[in-house]
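# Breakdown of the fold
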There are 2 protein chains.
Amino acid sequence: MTLEPIAQTPKPPYYAVIFSSVYGAKPDDGYIQTAEEMIRLAALQDGFLGVESADRTAEGFGITVSYWRDEDAIKNWKNQADHLAAQQAGVQKFYKAYTTRIARVERDYEKA
Amino acid sequence: MTLEPIAQTPKPPYYAVIFSSVYGAKPDDGYIQTAEEMIRLAALQDGFLGVESADRTAEGFGITVSYWRDEDAIKNWKNQADHLAAQQAGVQKFYKAYTTRIARVERDYEKA
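Residues numbered from 1 in each chain as written. Chains lettered and ligands numbered in written order. Predicted model: local features only at pLDDT ≥ 70, side-chain atom pairs only at ≥ 80, totals over all residues. Heavy atoms only, no water.

We now examine the interface of chain B and chain A. Contacts between chain B and chain A engage 43 residues on the former and 43 residues on the latter. A buried area of about 3800 Å², summed over both sides, lies between chain B and chain A, and 55% of it is on carbon and sulfur atoms. Per-residue buried area on chain B facing chain A is highest for Arg101, Tyr109 and Lys111 of chain B; these three make up 20% of the total on that side. There are 4 salt bridges connecting chain B and chain A. Measuring nitrogen to oxygen at the nearest pair gives 3.1 Å for the salt bridge that ties arginine 101 of chain A to glutamate 52 of chain B. Put simply, chain B and chain A have 24 residue pairs in polar contact (both at pLDDT 80 or more) between them. Those elements giving two or more residues to the side of chain B that touches chain A turn out to be β1 (14-23), β2 (48-56), β3 (61-68), α2 (71-78), α3 (81-94) and β4 (95-111) of chain B. No other element matches β4 of chain B, which puts 17 residues into the side of chain B that touches chain A. Here the residues of the side of chain B that touches chain A are counted per class, giving 23 nonpolar, 7 polar and 13 charged. Examined bridge by bridge, strand β4 (residues 95-111) of chain A and β4 of chain B share 13 bridges and lie antiparallel to one another. Of the residues in β4 of chain B, the one forming a bridge with glutamate 110 of chain A is threonine 99 of chain B. (Contact = heavy atoms within 4.5 Å. Buried area = accessible area lost by both parts, 1.4 Å probe. Salt bridge = Lys/Arg side-chain N within 4 Å of Asp/Glu carboxyl O. Polar contact = N/O pair within 3.5 Å; in protein donor to acceptor, adjacent residues only side chain to side chain. Helix = DSSP H or I, 4+ residues; strand = E, 2+ residues; numbered from the N terminus. Nonpolar A, V, L, I, M, F, W, Y, C, P; charged D, E, K, R; others polar. Pairing = 2+ DSSP bridges.)

The values reported here are purely geometric and, on their own, carry no functional implication.
This is how it looks when you write it as structure tokens:
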């Protein structure tokens, strides 16, 4: 799956889920496959607008921001079955710490 | 300046500025010094709550999320003199593309 690095989102308002994490697992613990599969599945959800992801591998810190049409779309994604399993794995195995923030994007501007 | 990777933010609501960028400059073009100086200055602003940053160096893609008490704090930071100069340099020199999104964080949860 090829992703443009900067998500092409519609005119605000829309929603952002900012997921900031410190991961403890080694890359061969299934983390990368799970993360890629989650992005693939998220993109199939109704109301998905885009995703951006970056990490400082040396420190195991990453930020993934996904964009959504509304709060219902976020709720549906949170409860999607495979995503629930991945969330469990994340809590138990992959992440030492994380914070998820749900935010309403009120305005944006860009240099394209 | 040492930063914990995940920002310790207060109970919502508060604001997030999501800055997603593709940079074109080489690391010796003053980008890193300017970026570090901006983080140092942002942290001195009234209403600053924290900042998180990650990038995929190979592709020149980065996400920086700064957190703020309210919209006034964001506006003051946007108009701070040294930051204005850095924004100019960013537009002219450092970035091939960027999107800035201003969002109101409505809820958050964490694994600490």
